[in-house]
Amino acid sequence: MATTVSKKKTEPEEQPEPRRMRRAFRRIKHRQRGRMAYVRPVAWLATIQTAAVLADVTGLGLEVTGPAVVIAVGATLVKARRRGQKAALKRKVAGGLWLLVAPFVGPYGLMALALWVVGVVTYANYWYGLHRSATDRRTDRPKAPPKDTVAGVEAWWEQTVASNNAVFANTHLTKPEPVPGGFTAVIVGEPGKTEFDRMDKAKGTIASARRVGKDQVELGPAPGGDHSGARVTIVERGDNLRKVQYLEDYAAAIDPETGIARVGSFFDLKPAHWSFWTTSAGAQMGINAGSTGAGKSGFGGSKLALVHQCELAVAVLLDAQDGSSQPDWNGRTPISREGVPACWEELQALDYVMGRRAQHIAHAPWVDNKGRERHGKPFLVPGDPDLGGMVLLYVAVEELPLLLGDDALGAEATVFLATAAKTWRKPGGAIDVYTQNLGLENFGGKPISNTLRSNLSGGGSVAAFRTGSSQDWNMVGLAADPSLLQAFWEGTRDKTHGLGYLKGIDNRPGGKWRAAISRDLYEIATSPAAGKLDDITAGFFEEYHEMRRRGVDPREPGAVTPAKASSTAPQWSPGDVQAVVEHVLISGPKDVGALCVAARRRLDGVSLGEIPAALRTLEKAGRIRKGGDESYQLMQEVQQ
């Protein structure tokens, strides 16, 4: 007699109400993402009418609508300025006029009808643009393979990879997941026998087994850092990166909290990032290598655009090729120099400023989160209020081989930059160089060139586009040879601009990626920069150029400069004090108190008694004049 066993159906445990609500909210937010843009005009019109009705009901009239108009227009102007864009004020002004008229006519009847009819008609083009944009994104986005495309990859691995190469013997795949055009999975190896390094060198076997190019296979560290395993990503469709990518497509910007910005996509369409600074180490260096037409300069323009739109960074463009590398940016960054002599002179000024910034950072007073008074910080995090809001100085050195290969200045510049790459990080100087390939001859070809290259690559990121030489790519942390990248997209005559390998914050040195460019780089370059030199840094630049005007070379061992001032001996000559007083008076008349404050800020430790003495000397020499209000001004201003 057979007995039947009834299986009790287990009901899922009911989740707590708050958790269910949070999950439901996340689902709604995910499904409705992008649709809120359609609702914003309606919410704007409703807000206008609500404000008018409130003003009418309360009887306050313009006391409500007036401030509302000022706040709306002000918020629009501030947002546009922060983004470096032109303010779109037409709709705001029209809505403001309606709000100002409504208290007198009444926000009902024909007045309300006019608001909604004109508003809907005005926003019709806006809604149509959103619809077209969404349609284009759905059409152009590479479709991810269906779930069943990963079915059978475990068996394929055992039959065609593990059985044909001893390096992969006794390995198997787990956790296969689809990616656009391919899949990713974890390789589980045998402890003590399989090693990640050996598997990475043998990834040609994987490419052959899957019948794809070697550059379509990426091996990365296994989850948890297991050296006996790896993560493999295979993209079988080679057109993921064929479409040109634009920074505006994903609103790329430098995150002020982390210093990281998206700059493109990897071959599985995951985002690629560049680190300009970190909160744990300060400024980050960079190397960009690529042959002519590989996309190196385009990537440089993109990074200049990102810095230009960041409030915590200022761009310095040094183009040794007489300005031909970044024509859109020449003269449009806060500091821009063209030609080898001008670049060399600016590097010396920057080195002096970095030394002064480092001195300030190492001794600045501040209070920690426990209320303790302390002095000095180990490095600069841009915007730190304890350090006067100092900004990052992003120094882009275009065509580095021309500078370091110069017959007169090359040898000295190579030693100089090798030291700068080591010492500029803490005071917030990010050096980003551009060269043809990664060989030492591009870094000066001197014994110290290896130090220069290692300091740049070890302290930041490396972007290697297609190069004409396979030399030294593994010496900068890359896991693939950029010289083997294709020059044209398969089956076309279109060049693969921006295709390369990236070593950096994403930790994917063996995965192909493509750099993004701006849709209108010139528009960004001609817009006002979001960041500007902080007062402390600007003062250090003034010190340097003032000393050069007086014939003092700050690099001379015996030169008396603010950076080398001694606290036990007389620091400043009367000429130093007089020069500072004259420089301060350029901006307009000042009294003795203001001159003392400015002089003490520029000349650390100067005696206050030296300021009146300098004023008397300059007045006697006819260079300044004392006014009736006890203020001083330059004689040339009096004569004008």
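Residues numbered from 1 in each chain as written. Predicted model: local features only at pLDDT ≥ 70, side-chain atom pairs only at ≥ 80, totals over all residues. Heavy atoms only, no water.

*Asks:* I keep staring at the environment of Ala-166 and nothing clicks. Help me out?
*Replies:* Of note, Ala-166 is situated in the loop between α6 (153-160) and β1 (172-179). In the structure, Ala-166 is positioned 33 residues away from Met-199 in sequence and 9.8 Å away in space, judged by C-alpha atoms. (Helix = DSSP H or I, 4+ residues; strand = E, 2+ residues; numbered from the N terminus.)

*Asks:* Looking at this structure, I do not really get helix α9 (residues 296-308). What am I missing?
*Replies:* Residues lying three or four places apart along an α-helix face the same way, a consequence of the helix completing one turn every 3.6 residues. Look at α9: 18 Å from first C-alpha to last across 13 residues, which is about the 18 Å you get at 1.5 Å a residue. Most of α9 sits inside the fold, with 11 of its 13 residues counted as buried. Here α9 has its buried residues at Lys-296, Phe-299, Gly-300, Gly-301, Ser-302, Lys-303, Leu-304, Ala-305, Leu-306, Val-307 and His-308. (Expected span 1.5 Å × (residues − 1). Buried < 20%, exposed > 50% of the residue type's maximum accessible area, 1.4 Å probe, protein only.)

*Asks:* Explain the confidence of the model for the protein chain to me, please; I cannot follow it from the model alone.
*Replies:* Close inspection of predicted coordinates is inappropriate for parts of the model with low pLDDT. Here the protein chain shows a mean pLDDT of 83. Residues at 70 or above account for 85%. Confidence drops under a pLDDT of 50 for residues 139-148, and excluding neighbours within four residues, the segment shows 14 contacts in the predicted structure. Predicted confidence for residues 565-570 stays below pLDDT 50, and this span has three contacts to residues more than four positions away or in other chains. (pLDDT = per-residue confidence, 0-100. Contact = heavy atoms within 4.5 Å.)

*Asks:* So what exactly am I meant to see when it comes to the pattern of salt bridges here?
*Replies:* If charged atoms from side chains of opposite charge come close, those side chains can pair. As enumerated under the stated definition, the model contains 18 salt bridges in all. A salt bridge links Asp-249 to Arg-519, with the nearest nitrogen and oxygen atoms 2.7 Å apart. Of this pair, Asp-249 sits in the loop between β4 (230-235) and β5 (260-266) while Arg-519 sits in the loop between β18 (512-515) and α14 (521-525), and the two are 270 residues apart along the sequence. Judged by its relative accessible area of 52%, Arg-519 falls in the exposed class. (Salt bridge = Lys/Arg side-chain N within 4 Å of Asp/Glu carboxyl O.)

*Asks:* What should I look at first to understand the packing of aromatic side chains in this one?
*Replies:* Under the definition given, this model contains 10 aromatic pairs. Note on Phe-299 and Phe-465: the rings are 5.7 Å apart at their centroids and 70 degrees apart in plane angle, and the pair reads as edge-to-face. Taken together, the residues Phe-299 in helix α9 and Phe-465 in strand β16 (residues 460-465) connect sequence positions 166 residues apart. Judged on exposure class, the residue Phe-299 and its partner Phe-465 are both buried. For the pair Phe-465 and Trp-513, a centre-to-centre distance of 6.0 Å together with 35 degrees between the ring planes defines the contact as tilted. Within this pair, whereas Phe-465 is found in strand β16, its partner Trp-513 is found in strand β18, the two being separated by 48 residues in sequence. Owing to a relative accessible area of 0%, Phe-465 belongs among the buried residues under this scheme. Between Arg-210 and the ring centre of Trp-156, over which it is positioned, the NZ or CZ distance is 4.6 Å. (Phe/Tyr/Trp six-rings, centres within 6.5 Å; stacked < 30°, edge-to-face > 60°. Lys NZ or Arg CZ within 6 Å of the ring centre and 35° of its normal.)

*Asks:* Sorry, what's going on with the sheet that holds strand β19 (residues 590-591) here?
*Replies:* Adjacent strands of a sheet form backbone hydrogen bonds with each other and so pair up, either parallel or antiparallel. With antiparallel pairing, three strands are arranged side by side in an open sheet as β19-β21-β20. Each edge of the open sheet carries a strand with a single partner, namely β19 and β20 (624-626). As paired strands, β20 and strand β21 (residues 631-634) are joined by three bridges and run antiparallel to one another. Across the sheet, the residue bridging to Ile-624 is Leu-634, located in β21. In the packing of helix α16 (residues 574-585) onto the sheet, the strands contacted are β19, β20 and β21, and the crossing angle to β21 comes to about 90 degrees. (Pairing = 2+ DSSP bridges. Axes fitted to C-alpha atoms, helices over the stretch in contact; angles between N-to-C directions.)

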